[in-house]
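Geometric and topological summary
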Amino acid sequence: MDWIIGGTKDSRDFIKLLSEKNINLKNIILTTVSDYGKKLAEESGAAVKSGAMNKDEMKIFVSQYNIERIFDFSHPYALEVSKNAMETARDTGKKYFRFERKNLENDCISFDKTDELIKYLETLKGNILITLGTNSIHEFKNLKNIENIYFRILPVKISIEKAENAGIKAKNIIGLQGPFSKEFNTAVYKNYEIKYVVTKESGDTGGELEKLQAAYETGVIPIILKRPKIEYSWVTENMEEILKIITETEKQERK
């Protein structure tokens, strides 16, 4: 059994690619952290399980489902997930493959750490749009200029609750589900009179390009939270390379 660590558009795109190549999805199980991610992934036709796992739980999962290969399509910022998956593969003698989105080239203001970013944001005047998700939203709680900061998050219960628990007022919460076009981002910037937009270095798939394009056209200043650095045991930016690994196995099994 092959395990695809998902919860991203990349993982859903890859399952779709496998279907187009007539790969048997019965030998694949896809996991997501959230139930929301599970609902999106189930549309692919693959078996899906949801729930966060630590390293010990990953080892149990590998044993329970007779996993032979781990394909890591987790988010570029899900550092612990990738670390735990690599260590699980090493400790259990399984193979690990990582798909990493290609970075976009830009010369924007950027920060390596969230706390450094937050200190900088507190010095700014004007409205700021944060598009970092909700995992770090509690860190923005005590900003002096919090009234001028808007958070674009998923319109699901857990995300809204995280924002509310961080003291974010309803008027500063923009609950929307992407993907967002350049034109849509432009409309949001204009409607909320945004001066700065904060985004992850999430690549084209993660909507970074459309946010930057809209910012350049409207005079909004982009600020980037850079990807965490990790040394993968195996990594590629080309989805076709991973497809080749699976299709070659499929051919051998058909012989």
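Before reading on, note that the structure itself is shown above.
All values reported here derive from a predicted model rather than from experimental measurement.

Definitions and cut-offs
- Residues numbered from 1 in each chain as written.
- Predicted model: local features only at pLDDT ≥ 70, side-chain atom pairs only at ≥ 80, totals over all residues.
- Heavy atoms only, no water.
- Helix = DSSP H or I, 4+ residues; strand = E, 2+ residues; numbered from the N terminus.
- Pairing = 2+ DSSP bridges.
- Axes fitted to C-alpha atoms, helices over the stretch in contact; angles between N-to-C directions.
- Contact = heavy atoms within 4.5 Å.
- Parallel < 35°, antiparallel > 145°, perpendicular 65-115°, else oblique.
- Left-handed = near helix turned anticlockwise from the far one by under 90°.
- Phe/Tyr/Trp six-rings, centres within 6.5 Å; stacked < 30°, edge-to-face > 60°.
- Buried < 20%, exposed > 50% of the residue type's maximum accessible area, 1.4 Å probe, protein only.
- Lys NZ or Arg CZ within 6 Å of the ring centre and 35° of its normal.
- Salt bridge = Lys/Arg side-chain N within 4 Å of Asp/Glu carboxyl O.

Omega for the bond connecting G178 with P179 falls within 30 degrees of zero, at 5 degrees, which places this linkage in the cis form. The residue P179 is located in the loop between β9 (173–175) and α7 (182–191) in this model. Unusually for a residue other than glycine, E193 sits at a positive phi of about 50 degrees. With respect to the helices, strands and loops of the structure, E193 is situated in the loop between α7 and β10 (194–200).

Turning to the sheet that holds β9, a few remarks are in order. The parallel open sheet is built from six strands, whose spatial order is β6-β11-β10-β7-β8-β9. Unpaired on one side and paired on the other, β6 (109–111) and β9 mark the two borders of the sheet. Geometrically, the sheet is characterised by an average inter-axis angle of 20 degrees between neighbouring strands, direction not taken into account. As paired elements, β10 and strand β11 (residues 221–225) share five bridges and run parallel to each other. Paired with V197 across the bridge in β11 is P222. α7 contacts β7 (127–131), β8 (149–153), β9 and β10 of the sheet and is inclined by roughly 135 degrees relative to β10. Where helix α8 (residues 208–218) meets the sheet, it contacts β7, β8, β10 and β11, and its direction lies at approximately 150 degrees from that of β11.

Where helix α3 (residues 55–64) meets helix α4 (residues 79–92), the closest approach of the two axes is 9 Å, and the angle between their N-to-C directions is 50 degrees. Here α3 lies oblique to α4, going by the angle between them. As for the relative orientation of α3 and α4, their crossing is right-handed in sense. Taking contact as the criterion, the partners of K55, M58, K59 and V62 in α3 are, on α4, V81, N84, A85, E87, T88, D91 and T92.

Each aromatic ring pair is described using two quantities: the centre-to-centre distance and the angle formed by the ring planes. In this structure the tally under the stated criterion is ten aromatic pairs. With a centroid separation of 5.4 Å and an interplanar angle of 20 degrees, the aromatic rings of F73 and F99 are classed as stacked. Of the two residues, F73 sits in the loop between β4 (69–72) and α4 while F99 sits in strand β5 (residues 95–99), which places them 26 residues apart along the sequence. Considering the side-chain rings of Y150 and Y192, the 5.0 Å spacing of their centres and the 55 degrees angle between planes classify their relative orientation as tilted. One end of the pair, Y150, is in strand β8; the other, Y192, is in the loop between α7 and β10, with 42 residues separating them in the sequence. On the accessibility criterion, Y150 (13% relative accessible area) is buried. A relative accessible area of 24% places Y192 in the partly exposed class. Ring-pair connections join several aromatic residues into one group, and the members of that group are W3, F61 and Y65. Directly above the aromatic system of F180 lies the positively charged group of R152, at a separation of 4.0 Å from the ring centroid.

Moving on, we get to the pattern of salt bridges. Counted under the stated rule, the structure contains 14 salt bridges. In this structure, the salt-bridge partner of K38 is E42, at a minimum N-O distance of 3.9 Å. Of this pair, K38 and E42 both sit in helix α2 (residues 35–42), four residues apart, roughly one helical turn. On the basis of relative accessible area, K38 is assigned to the partly exposed category, the value being 25%. When its relative accessible area of 42% is taken as the criterion, E42 is described as partly exposed.

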